[in-house]
Amino acid sequence: MIKAILVFNNHGKPRLSKFYQYFPEDVQQQIVRETFHLVSKRDDNVCNFLEGGRLIGGSDYKIIYRHYATLFFVFCVDSSESELGILDLIQVFVETLDKCFENVCELDLIFHVDKVHNILSELVMGGMVLETNMSEILTRIEEQSKLEKSEAGITAAPARAVSAMKDMNLPQKIKDIKLPDLPNILKN
Amino acid sequence: MALKKVKGTLERVLDKNLQDLVRGIRNHKENEGKYIAECIDEIKQELRQENQAVKANAVNKLIYLQMLGYDISWAAFHIIEVMSSTKYTIKRIGYIAASQSFHESTDVLMLTTNMIRKDLSSQNMYDAGIALSGLSCFVTPDLARDLANDIMTLMTSTRPYLRKKAVLIMYKVFLQFPEALRPAFPRLKEKLEDPDQGVQSAAVNVICELARKNPQNYLSLAPLFFKLMTSSTNNWVLIKIIKLFSALTPLEPRLGKKLIEPLTNLIHSTSAMSLLYECINTVIAGIPNHTASIQLCVQKLRILIEDSDQNLKYLGLLAMSKILATHPKSVQSHKDLILQCLDDKDESIRLRALDLIYGMVSKKNLMEIVKKLMVHMDKAEGTHYRDELLAKIVEISSQSNYQYITNFEWYVSVLVELTRMEGTRHGRMIASQMLDVAIRVQAIRPFAVAQMALLLENSYILANNSQRNGICEVLYAAAWICGEFSQHLKNPREALEAMLKPKITTLPGHIQSVFVQNILKLFGSILKTLEENEDQENMKELCQLLTSKLPIFVQSADLEVQERACCMLQLVKYVQKLIEKGAKVGDEVGGLFAGDLNPVAPKAQRKVPVPEGLDLDKWINEPLSESSSDEEPTTSIFAINHEDSKSFYKEEKRNVPEPTEEELEKRREQRKIEQMHNPHYLRMDKKSKKASKVEETEESPVMQIDLSIPLHVPGLASSDKYLKLASQDREKSRKKTKHGKQKKKKKGQPEEESDEDVAAQHAVSTLVDMPEGANTSDKEDERNSSDPFKRLDMDLDQPLRDDEILPVRSHRIVVDSLEPGDEEVKPKKKHKKVKDKDKEEKKKHRKEGKEKKSKKKQKSDEASGSASNLLMTGESSPEHVPVANGLPQSAEQEKADQEKENDLDFWMNNNSTEPSKTTENEIKTPEVNVEYANVSSEEESQKEKKTKKKKEKKPKKEKKSKKDKKSLRADYEEAEGITTPSKEQVPPSQADTPAAVQLPSMSSYVTLGENDSIKMTYDIRTSHQRGDQIIVSVVFSNLTEHTIKDLEFNVMETMNLKLIRSMGSTHHDPIKVPFILLPNSQNEGQFAFTVHEIKVAQKLKGTLTYILKMNEGSTHEKVDFKLGFPCSFFLVATPCKGSGFTTLLESGDLTEKSSIQFTPQDSEFQIILAKVCFYHHFRVVEQVEKNASVYSKSIQGHPVCLLIKKINGDIKIDGKSTEGNLLSNVLQEIKTTLV
């Protein structure tokens, strides 16, 4: 089981938090802070597994994370998950984000948290791995965005125009997340 | 209207959306809080509006704010409003918000039940999808109970996407509503063989999670999982299954044996590190006695640890530490590598290496390793790692009764040195070690006491840090040791003065109490010596000192300290009076603390047996009716203190009440006698006992060291010198093999330890106090009863009881009209006497097979099934079926159980013959050995079947192959075709129980070829798992009186069909059949083919060559044959529910149509239907009189739907499919069968 999925940047600002076990909001923030503290002081060339962290606690639990450019992707899992499998799942998640946002960067995650949630819900459901096959995930997401478009229809046009206007003042998007070519340990 | 809409849209445009909010927050960095407060006000405004889109937008913003830590529970009701929208986009926002913020105590959740139910049954697949995803995050016991049935329905949806999600969410449902597990389990099991990989993976996932907590209930699934493991290619599924096996194997050793081969194969062959790692883990957990496999694992792990990838290194060490428990020797050979990892820059890796250190130590290297760890400790940053190191030092030194410590002086010095570590949380641990060593190693006491006195003198250093569990805890040990063993103190007076320093009062209460107690002990011993010297002056002065200093403790806020100090003060004053009178008091005061103490065994308290007739739960006095509330604070203070001291005593392994000398003596005698007679008691080695005595009586080496190195310089002992000493010593002993007159006397040492060539200098007493009659087993207490998984611990193989159905919403009236215990809901449809019929039904089942069922009855049966469904779901879809089991007859149940057990046993035992066989095959055909493993087990079962044929039909491996099951089904009088939807609900455990055997001779085996000596029949088997593979199973019958051997099977391959051969052989090489045929016997072999094209029927030419061994010599013969693959053979009978069938037909996916009409041979429609189903692999979806719709699916996933009608003696079949060729070919084949 996955207990929590956190995404935060190099400064510990949360970009996505998904808890599959209930914590009150303040405790969630504490967990994010603590996890950031644990993860951020580690070099890039050390292993991606971490024990400890009292809040997420229990000897059965482990933190498995990956660091991409400015973002940390952290999964907290128990012993029923395969460590390397989860590492691969993170990779699948990030690659899916990359496909969906076309060169994903931190700003995409900041401004489209809802979309990130939707994507994540195709990978993990209630703390259990739902799908790991990327093409299947992408088909589902595409189908849903088609549905979304058909529902929005003509009435959404003005809204889109306005948001396009708003986007103009946006500082130039930095496309800084480059996916390193990691050895795909687990390929389906 | 339109205008209004446009206006609404325009207004919406000007609203702040999520992007604006984020941007706004980023622009208001300095007063973020204020800005967000404004935004929340805006959101509240928006939520009040009618427009759904505005609300959704507001909720979307709330999701973001929730992530930043703002509580959004106040908006719960609005979130539900958004969830209830008809638009997918809006609904999705609602569900995401709900999954982020709802939890069990969200009270509005109970409003959602119906809405979620509606969404689950929505036509739009994604509506149901998001509902499932959302529900998985906030499911409550109520929701689980109310929706379990709807989710069960989704598990059989035609859309894999929904099936997958429904299967997965069942785990959450089980957790909240354990009663659902048994009714849902058969279907869950079914999903393990779902054609869709995702669904299969989800089902495996759920069962693995369940089995992790209660593995014993899932043992019966082992054969199925074994099959999946050998057939699946999906690494995710494989990993989960292998993990599951590691939970099952400890319960069933035979399973471990069976797994050795496939696991080692995987370890050798896989390139996926994750899979390799899990295989290794399972080997370690499951077959720890198979040394060869463990060796292989250790080798592979070494490769992992040496890898440059830190992750692999980490996992390698992790797995290695598991091997350490069972095979310490194998791990020890990699000591170099592990010690090297201690220096790794990565803390996670160092911690893992530390775990392994435990097994690396020996008498020789303990000192070195500890030295190394202490150096690490000095360098270490971060208290976590430092504490780990400290704990590890203590752990490795103290393991198995200080087995590896040769010199306890060294160890005491190490402990003393450890007290200098700052900020540690392990003060208590060090303290209990000091106590333990001082109590149990008698020879070390003088040295320990000297060291402790030093600690007391320098107590101000330690007392500064008075946090709980901090290093000041060592003072507890120091004070106790100095007091208890005061006879060894060089200068008791100094120690006493050190203990009376005012600084002591800053220490925690429980430490002060020990100080007070031990001051008295010291007082007693000093008094005694002074009295012997008749030094009245000093005695008086001593009393004076105490009466002046003790009041600082009397004023203590800690009650325990206060009480003890008061008591003591009075005692001292009394003694003072007596001394002034000139009375001799020394002996009496000393007598207070006479006697030796032994440590109490851990858990001793818990193991005291409860005397008969004592009820611990009964009130001795009736409880007070109500305690006033203002009393509580004081009690809680007491409680904390109490707990604190209690836990400490436990750790310290010491009794508080001190028995008198007499009592002690008596007890000791008793214990000795008891121990003599108790075979389970680990008696202290006589030799070592002698050793300790020797050392006690003789001059102990300690003193000599003490003389050589003055310890009284300020500062504490250093452990380094012992390291040097030890190495010098070793060198010396190497030079002189015998030196009896060394200053270290070794003659007292037990001889057997010489294998290590480093002898221990002190003996450790293993004596511990245990209550009489205590249970000596070390088994821990059962799991906490509040554990949610305990509730999921239930027997899943038991057939379902009548009352075990998922709760279904139904009208009250209907429920009321039910007779209690009647599990079938009465159908309202045209049948009026259903109740009677139900009863008949039951009777019928009881005598199953003897009575012929009339057609009418079947129908009523069927109708009642579907009618009850209608009632239960409360809607018109017949797809929903009660999961209740209709026929729980006890006798049958038992039989089924027994068979099931035999079944598993059979499967488990089966391997005893198998490995030899498979290994034979393996030599020649390493590539296909997976298939062969299957084949041979199949043969086994075949043989078994034959021997038992006459007695009773025995179900073989459950679900081992679809075909098997089907042939069993065919044993029912009405064959497959009549299977009604309700019957399909019968859990497999029941479905597989054969009734009586009265076979209408329908066999799918077709003659392949024959000559005088041999006959071959064959059948083709397909499976959902492999869309590109089919298995041809050929039965070879020996018609002669001679043995036939060296059978070789070969076919001419086409582009479409290829025989899977062993690696390295070309497509001309024949396949060897892995058995010989004894006279007049038959055996079955299976050959796997890969298929590319399934639309047209195929035929392959082939030959079988064999050697006929006769008395006069052997002849080489051959048979030619043609292996036909009709299209029907590529179909897999797939169950399909009525509604699913209708949706499929309406979906417009089935573009190809075809129909055929002919006059059949049989006139009975039932028989026709049965034949179609049996020979052409269809399942009946619905049958109304002489019309029936049937369904099947090709191995490549093309659905085929047929409508069979009987019109005036003619049969007309209309078919629809996605694949035209396939359809028309199948229809032609059906015609051929029936005409």
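Criteria and cut-off values
Residues numbered from 1 in each chain as written. Chains lettered and ligands numbered in written order. Predicted model: local features only at pLDDT ≥ 70, side-chain atom pairs only at ≥ 80, totals over all residues. Heavy atoms only, no water. Helix = DSSP H or I, 4+ residues; strand = E, 2+ residues; numbered from the N terminus. Buried < 20%, exposed > 50% of the residue type's maximum accessible area, 1.4 Å probe, protein only. Contact = heavy atoms within 4.5 Å. Areas by Shrake-Rupley, 256 points an atom, 1.4 Å probe, with all protein chains shown as cover. Pairing = 2+ DSSP bridges. Axes fitted to C-alpha atoms, helices over the stretch in contact; angles between N-to-C directions. Parallel < 35°, antiparallel > 145°, perpendicular 65-115°, else oblique. Left-handed = near helix turned anticlockwise from the far one by under 90°. Nonpolar A, V, L, I, M, F, W, Y, C, P; charged D, E, K, R; others polar. Disulfide = S-S within 2.5 Å. Buried area = accessible area lost by both parts, 1.4 Å probe. Salt bridge = Lys/Arg side-chain N within 4 Å of Asp/Glu carboxyl O. Polar contact = N/O pair within 3.5 Å; in protein donor to acceptor, adjacent residues only side chain to side chain. pLDDT = per-residue confidence, 0-100. Phe/Tyr/Trp six-rings, centres within 6.5 Å; stacked < 30°, edge-to-face > 60°. Lys NZ or Arg CZ within 6 Å of the ring centre and 35° of its normal.

Participant: Hey, could you run me through the overall build of chain B in this one?
Facilitator: The helix and strand inventory of chain B stands at 51 helices and 15 strands. Relative to its 1235 residues, chain B shows a buried fraction of 53%. Within chain B, contacts between residues at least 6 apart in sequence are counted, and of these 71% link residues at least 24 apart. Total accessible area on chain B is roughly 58,200 Å²; 52% of this is exposed by carbon and sulfur atoms.

Participant: I tried to follow the sheet that holds strand S3 (residues 1029–1038) of chain B on my own but got confused; where do I start?
Facilitator: Sheet strands pair via backbone hydrogen bonds, and the direction of the pair is either parallel or antiparallel. All names here are of chain B. A sheet is described by the order of its strands in space; here five strands give the open sequence S1-S2-S3-S7-S5, paired in antiparallel fashion. Since the sheet does not close on itself, it has two edges, and those belong to strand S1 (1006–1010) and strand S5 (1057–1059), each with one partner. In this sheet, adjacent strand axes meet at a mean angle of 35° when their direction is disregarded. Bridge count for S3 against strand S7 (residues 1082–1091) is nine bridges, and the pairing is antiparallel. The partner of Ile1030 across the bridge, within S7, is Phe1089.

Participant: Explain the sheet that holds strand S3 (residues 49–50) of chain A to me, please; I cannot follow it from the model alone.
Facilitator: Residue and element names in this part refer to chain A. Here we have five strands laid out as an open sheet, ordered S2-S1-S5-S4-S3, and antiparallel in their pairing. The two strands at the open ends of the sheet, each matched to only one other strand, are strand S2 (14–19) and S3. Relative to strand S4 (residues 62–68), S3 runs antiparallel, the two sharing two bridges. Bridge pairing links Leu50 to Ile63 in S4.

Participant: Looking at this model, I keep getting lost on unusual backbone geometry. Mind explaining?
Facilitator: Outside of glycine, negative phi angles account for most residues, and trans bonds account for most peptide bonds. Phi angles above zero are rare outside glycine, and Ala69 of chain A is one such case at about 45°. With respect to the helices and strands, the residue Ala69 of chain A is situated in the loop between S4 and strand S5 (71–77). Located in the positive-phi region is Glu534 of chain B, a residue other than glycine, with phi close to 55°. Looking at the element boundaries, Glu534 of chain B is found in the loop between helix H30 (509–532) and helix H31 (536–549).

Participant: Would you take a moment to explain the packing of helix H24 (residues 408–418) of chain B against helix H25 (residues 427–440) of chain B for this structure?
Facilitator: Packed helix pairs are characterised by how far apart their axes lie and by the angle those axes make with each other. All names here are of chain B. At a closest axis distance of 10 Å, the pairing of H24 and H25 adopts a crossing angle of 155°. Our classification of the angle between H24 and H25 gives roughly antiparallel. Pair H24 / H25 crosses with left-handed handedness. Facing Phe408, Tyr411, Val412, Leu415, Val416 and Leu418 of H24, the residues of H25 in contact are Ile430, Gln433, Met434 and Val437. Looking at the contact of H24 with H25 residue by residue, the classes come out as nine nonpolar, one polar and no charged.

Participant: What exactly am I supposed to notice about the pairing of S2 of chain A here?
Facilitator: When a strand is regular, its side chains alternate between the sheet's two faces. Residue and element names in this part refer to chain A. Of all six residues making up S2, six are buried, and the element is well covered by its neighbours. Where strand S1 (residues 2–9) lies against S2, five bridges are found, and the strand directions are antiparallel. Its bridge partner lying in S2, Leu6 is registered against Ser17.

Participant: Can you help me understand the state of the cysteines in this one?
Facilitator: Note: disulfide means a covalent bond formed between the sulfur atoms of two cysteine side chains. As enumerated under the stated definition, the model contains zero disulfides over all chains in all. Free cysteine: Cys566 of chain B, not disulfide-bonded; nearest cysteine sulfur from Cys567 of chain B at 8.3 Å.

Participant: Explain the interface of chain B and chain A here, please?
Facilitator: Interfaces are often sized by the accessible area lost when the parts come together. Each partner contributes to the interface: chain B provides 68 residues, whereas chain A provides 67 residues. Where chain B abuts chain A, roughly 6,300 Å² becomes buried across the two surfaces, and 55% of that area is made up of carbon and sulfur atoms. The interface formed by chain B and chain A holds seven salt bridges in total. At the surface where chain B touches chain A, the tally comes to 35 residue pairs in polar contact (both at pLDDT 80 or more). In terms of residues, the side of chain B that touches chain A owes the most to one element, helix H10 (residues 160–176) of chain B, which gives seven residues. Per-class residue counts for the side of chain B that touches chain A are 29 nonpolar, 21 polar and 18 charged.

Participant: For this particular structure, what's the right way to read the pairing of strand S12 (residues 1179–1184) of chain B?
Facilitator: Residues and elements named next belong to chain B. Here five bridges tie S12 to strand S13 (residues 1187–1194), and the two strands are oriented antiparallel to one another. Directly across from Arg1179, in S13, lies its bridge partner Tyr1191. Where S12 folds back onto S13 in an antiparallel hairpin, the turn is made up of two residues, including Glu1185, whose phi is positive at roughly 45°.

Participant: What should I look at first to understand the confidence of the model for chain B in this one?
Facilitator: As a general rule, the predicted coordinates of low-pLDDT regions are not to be interpreted in detail. Residues and elements named next belong to chain B. Here chain B shows a mean pLDDT of 73. Residues at 70 or above account for 68%. Within the model, pLDDT remains below 50 along residues 812–844, and this stretch shows 42 contacts once partners closer than five positions in the same chain are excluded. Counted against residues more than four places away or in other chains, residues 846–891, with its pLDDT under 50, gives 88 contacts. On the interface metric, ipTM, the complex scores 0.89, and its pTM is 0.57.

Participant: Can you walk me through the environment of Asn124 of chain B in this structure?
Facilitator: Following the sequence through the fold, Asn124 of chain B ends up in the loop between helix H7 (113–120) and helix H8 (125–138). On the accessibility criterion, Asn124 of chain B (23% relative accessible area) is partly exposed. Residue contacts for Asn124 of chain B: discarding those within four places in its chain leaves Leu147 of chain A together with Tyr88 of chain B.

Participant: What is the right way to read the packing of aromatic side chains from this model?
Facilitator: Going through the model one piece at a time under the given rule, you end up with 18 aromatic pairs over all chains. Taken together through their ring pairs, the aromatic side chains of Phe8, Phe36, Tyr65 and Phe72 of chain A make up a single cluster. Over the aromatic face of Tyr61 of chain A sits the side chain of Lys3 of chain A, whose NZ or CZ is 4.1 Å from the ring centroid. Seen from the ring of Trp74 of chain B, Lys44 of chain B lies directly overhead, with NZ or CZ sitting 4.8 Å from the centre.

Participant: Looking at this structure, how should I read the pattern of salt bridges?
Facilitator: Between side chains of opposite charge, pairing is possible as soon as their charged atoms come close. The tally for this structure, following the rule as stated, stands at 40 salt bridges over all chains. A salt bridge links Arg92 of chain B to Glu148 of chain A; the nearest nitrogen and oxygen atoms lie 2.6 Å apart. Pair noted here: Arg92 of chain B is in helix H6 (residues 88–101) and Glu148 of chain A is in helix H5 (residues 134–152), and the two residues belong to different chains. The buried category is assigned to Arg92 of chain B, whose relative accessible area is 9%.

Participant: What exactly am I supposed to notice about the confidence of the model for chain A here?
Facilitator: Residue and element names in this part refer to chain A. Across chain A, the average pLDDT comes to 82, with 78% of residues at 70 or higher. Looking across chain A, the model is least confident in helix H6 (residues 156–168), with a mean pLDDT of 59, and most confident in strand S6 (residues 124–125), with 94. Scored below 50 in pLDDT, residues 170–178 shows 22 contacts in the model against residues more than four places distant or in partner chains. In the model, residues 181–188 has pLDDT below 50 throughout and makes 23 contacts with residues more than four positions away in sequence or in other chains.

Participant: How should I be thinking about the environment of Leu559 of chain B in this particular structure?
Facilitator: Residue and element names in this part refer to chain B. With respect to the secondary-structure elements, Leu559 resides in helix H33 (residues 559–581). A relative accessible area of 43% means that Leu559 is categorised as partly exposed. Considering only alpha carbons, one finds Leu559 and Gly509, 50 residues apart in sequence, at a separation of 8.3 Å.

Participant: What is the right way to look at helix H49 (residues 1138–1146) of chain B in this model?
Facilitator: Residue and element names in this part refer to chain B. Among all positions in H49, only Gly1138, Ser1139, Gly1140, Phe1141 and Leu1144 are buried. For H49, the elements touching its buried residues are S12, S13 and strand S14 (1199–1207). With its phi angle positive at about 80°, Gly1148 sits one or two positions after the end of H49.

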